[in-house]
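Chains, contacts and geometry: an overview
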Amino acid sequence: MSREFIKSLTYKNGKVFTRQCSSNVNPKYYYSEEHKGLTKLYNELGEKGFEKWFLNNCIMTGEYVILKGCNQTLRKLNYFSNLLWNDKNFINLSNQLDSVFDNLLKVVDSNEKEKIKEEYQKVEKDIEIYVSSFYDKKNNMKVKER
């Protein structure tokens with residue numbers, strides 16, 4: 001499985017620039033270039049909404065690995081991902097998602113598969129709602145009281 005190693009995530013003139021490379025590429029070069037897919041999401045969601053999406057869908061899933069020496073934006077996102085991975089409620093939700101996914105892989109019947117897909121989407125939504133509890137109404141990250 002390939003993952004993206006990321007050193008920098010910056011915003012300039014409504015565009016998202018990253019310094020990243022794939023884990024299966026050698027030697028590793030980290031060129032700064034516009035990431036068009038992320039730029040589109042950034043323009044749709046705004047900066048804070050985009051960072052929330054990036055945390056949920058890229059960092060927390062393990063698709064992106066934040067490297068040492070990263071920029072301030074990634075340090076902030078990494079801090080909150082570490083808070084989540086140390087949170088018992090989040091860990092329970094994540095384990096539940098993994099369990100449902102395992103069940104999905106085992107099922108052969110298409111009707112039962114659809115039911116499990118719905119359950120999977122529900123748990124994904126629960127995780128998104130829980131992660132959203134770490135944000136205030138203006139989409140600013142906050143440290144949740146334990």
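Residues numbered from 1 in each chain as written. Predicted model: local features only at pLDDT ≥ 70, side-chain atom pairs only at ≥ 80, totals over all residues. Heavy atoms only, no water.

**Some details on the packing of helix H1 (residues 36-59) against helix H2 (residues 72-85)**
Running from N to C, H1 and H2 cross one another at 60 degrees; their axes reach a closest spacing of 11 Å. Put simply, H1 runs oblique to H2. Considering how the two elements wind past one another, H1 and H2 form a crossing that is right-handed. Two secondary-structure elements touch here, H1 through Glu51, Phe54, Leu55 and Ile59 and H2 through Thr73, Leu74, Lys76, Leu77, Phe80, Ser81 and Leu84. Among the residues making up the contact of H1 with H2, the classes are represented as 7 nonpolar, 2 polar and 2 charged. (Axes fitted to C-alpha atoms, helices over the stretch in contact; angles between N-to-C directions. Helix = DSSP H or I, 4+ residues; strand = E, 2+ residues; numbered from the N terminus. Parallel < 35°, antiparallel > 145°, perpendicular 65-115°, else oblique. Left-handed = near helix turned anticlockwise from the far one by under 90°. Contact = heavy atoms within 4.5 Å. Nonpolar A, V, L, I, M, F, W, Y, C, P; charged D, E, K, R; others polar.)

**A look at unusual backbone geometry**
The omega angle of the peptide bond from Asn26 to Pro27 is -10 degrees, so this bond is cis rather than trans. The phi dihedral of Asn13 falls on the positive side, at around 50 degrees, and the residue is not glycine. Within the secondary structure, Asn13 is located in the loop between strand E1 (4-12) and strand E2 (15-22). Residue Asn13 is classed as exposed on the basis of its relative accessible area, which comes to 80%. (Buried < 20%, exposed > 50% of the residue type's maximum accessible area, 1.4 Å probe, protein only.)

**Observations regarding the pattern of salt bridges**
If you walk through the whole model with that rule in mind, you get 3 salt bridges. A salt bridge links Glu114 to Lys117; the nearest nitrogen and oxygen atoms lie 3.9 Å apart. On the criterion of helical spacing, the pair formed by Glu114 and Lys117 is a turn pair, its members being 3 residues apart in helix H4 (residues 110-132). Residue Lys117 is classed as partly exposed on the basis of its relative accessible area, which comes to 36%. (Salt bridge = Lys/Arg side-chain N within 4 Å of Asp/Glu carboxyl O.)

It is worth stressing that arrangement in space is one thing and function is another; only the former is reported here.
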